[in-house]
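Structure at a glance
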Amino acid sequence: MAGTTTEDPVTEQQEHTAEDAMMTRIGQAVMLHHGGDREEAQDRFLGLWGEIGEAGDPLHRCTLAHYMADTQADPSDELAWDLRALSAAHELTDEHLSEHHQSLAVRGFYPSLHLNLAADYVKLGRPEAARSHLRRARGAVGALEDDGYGRGIKEAISRLEGEVGEGSEEE
């Protein structure tokens, strides 16, 4: 998710949930960010977060927090948002995801979520925490398809493993 430019399950699900107004609005803010307007994207994400709330739909919270993390300049703030995304993912079920898109599975979120956290910890100078999340990311890659997104996540894990000295294992 963060730090990658490949399409991911969250983006895919956005494209298939036009009937979900909140996902559409999150997607619009993502497009602003990808278009270079980080400040406006942050403002919109914060407004949407206020609407969703801490107890709102976990898919909405996971998606929004994931993308909000990408807009943060301060690595501590990025970590906080990525932790919110992971926490919300823990509340998701495949049944709930299937209401949004049949091809989504919760296990497919974890490689990217843990990769993001590992990258955050690297930025914060916490290599042991980064290695821990890299092991979790690597352990979850079996949930990814052998497509551009899946290969991109695996490559990003390998790159970060090299950066922090974590041994890469073949899937």
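Note: the structure precedes this text.
Structure report, in brief.

Cut-offs used in this document
- Residues take numbers from 1 onward in each chain, read along the sequence in its written order.
- Local features in this predicted model are restricted to residues of pLDDT 70 or higher, and side-chain atom pairs are both shown and tallied only at a pLDDT of 80 or more, whereas totals for entire chains, interfaces and linings draw on every residue.
- Excluding hydrogens and water, the side-chain values take into account all heavy atoms of the structure.
- Take the buried residues of types Ala, Val, Leu, Ile, Met, Phe, Trp, Tyr and Cys, join any two whose side-chain atoms come within 4.5 Å, and each joined set is a nonpolar core.
- Only protein chains enter the accessibility calculation, which uses a 1.4 Å probe. A residue is then buried if its area is under 20% of the maximum for its type, exposed if over 50%, and partly exposed in between.
- Going along the chain from the N terminus, every DSSP run of H or I of four or more residues is numbered as a helix, and every run of E of two or more is numbered as a strand.
- Working convention: axes come from line fits to C-alpha atoms, limited for helices to the stretch in contact. Angles between N-to-C directions cover 0 to 180 degrees.
- To sort the angles, those under 35 degrees are grouped as roughly parallel, those over 145 as roughly antiparallel, those from 65 to 115 as roughly perpendicular, and the leftovers as oblique.
- In this scheme the crossing of two helices becomes right-handed for a clockwise turn of the near helix relative to the far one and left-handed for an anticlockwise turn of less than a right angle.
- Whether two residues are in contact is decided by their heavy atoms: any pair within 4.5 Å suffices.
- Just so you know the grouping, Ala, Val, Leu, Ile, Met, Phe, Trp, Tyr, Cys and Pro go in nonpolar, Asp, Glu, Lys and Arg go in charged, and all remaining residues, Gly too, go in polar.
- Between rings of Phe, Tyr and Trp, where Trp is taken as its six-membered ring, a pair exists when centres lie within 6.5 Å; planes separated by under 30 degrees are stacked, by over 60 edge-to-face, and by other angles tilted.
- Either the NZ atom of lysine or the CZ atom of arginine qualifies as a charge over a ring when it sits within 6 Å of the ring centre and within 35 degrees of the ring normal.
- For salt bridges, the criterion is a side-chain nitrogen of Lys or Arg within 4 Å of an Asp or Glu carboxyl oxygen.
- Helix span, as expected, comes to 1.5 Å for every residue beyond the first.
- The definition of a polar contact used here is a pair of N or O atoms within 3.5 Å, where within protein one atom must be able to donate a hydrogen and the other to accept one, and adjacent residues in sequence count solely through side-chain atom pairs.

**A word on the nonpolar core**
Core analysis: the biggest nonpolar cluster contains 47 residues, and Ile26, Phe45, Cys62, Leu64 and Leu113 have the highest contact counts within it. Of all the elements in the fold, those that place two or more residues in this core are helix H2 (21–34), helix H3 (38–52), helix H4 (58–70), helix H5 (75–91), helix H7 (110–123), helix H8 (127–140) and helix H9 (148–164). With 7 residues, the single largest contributor to this core is H4.

**Observations concerning the packing of H5 against H7**
Relative orientation of the contacting elements H5 and H7 amounts to 155°, with a least axis distance of 9 Å. In this view, H5 runs roughly antiparallel relative to H7, as classed from their interaxial angle. For the element pair H5 and H7, the recorded crossing hand is left-handed. Residue-level inspection shows Pro75, Glu78, Leu79, Asp82, Leu83, Ala85, Leu86, Ala89 and His90 of H5 in contact with H7, the latter providing Tyr110, Leu113, His114, Asn116, Leu117, Asp120, Tyr121 and Lys123. By residue class, the composition of the contact of H5 with H7 is 10 nonpolar, 3 polar and 4 charged.

**Thoughts on the packing of aromatic side chains**
Inspection of the entire model under this criterion finds 1 aromatic pair. Pairing tryptophan 49 with tryptophan 81 gives two aromatic rings, centres 5.1 Å apart and planes at 85°, and the pair type is edge-to-face. With tryptophan 49 in helix H3 and tryptophan 81 in helix H5, this residue pair connects regions lying 32 residues apart in the sequence. The two residues tryptophan 49 and tryptophan 81 agree in class, both being buried. One cation-aromatic arrangement involves arginine 84 over tryptophan 81; the distance from NZ or CZ to the ring centre is 4.2 Å.

**Let's talk about the pattern of salt bridges**
Enumeration according to the criterion identifies 7 salt bridges in this entry. Among the ionic pairs, arginine 44 bridges to glutamate 40, the shortest N-O distance being 3.0 Å. Of the two residues, arginine 44 and glutamate 40 are both situated in helix H3; the distance of 4 residues between them amounts to about one turn of the helix. Judged by its relative accessible area of 30%, glutamate 40 is partly exposed. With a closest N to O distance of 3.2 Å, aspartate 146 and arginine 151 form a salt bridge. Residue aspartate 146 is classed as exposed on the basis of its relative accessible area of 64%.

**Observations regarding H5**
Since there are 3.6 residues in each turn of an α-helix, residues three or four apart along the chain are aligned in direction. End to end, H5 covers 25 Å across 17 residues, agreeing with the expected 24 Å (1.5 Å per residue, within 8%). Residues of H5 that are buried: Glu78, Leu79, Trp81, Asp82, Ala85, Leu86, Ala88 and Ala89. Residues of H5 that are buried in the fold lie against H3, H4 and H7. A distance of 2.6 Å separates the backbone nitrogen of serine 76 from a side-chain oxygen at the start of H5, and that oxygen is part of aspartate 74.

**Description of the environment of alanine 88**
For alanine 88, the position within the fold is in helix H5. Looking at alanine 88, the relative accessible area reads 0%, which means it is buried. A sequence separation of 31 residues divides alanine 88 from aspartate 57, and the C-alpha atoms of the two residues are 8.5 Å apart. The contacts of alanine 88, once residues within four sequence positions are left out, are Pro58, Arg61 and Cys62.

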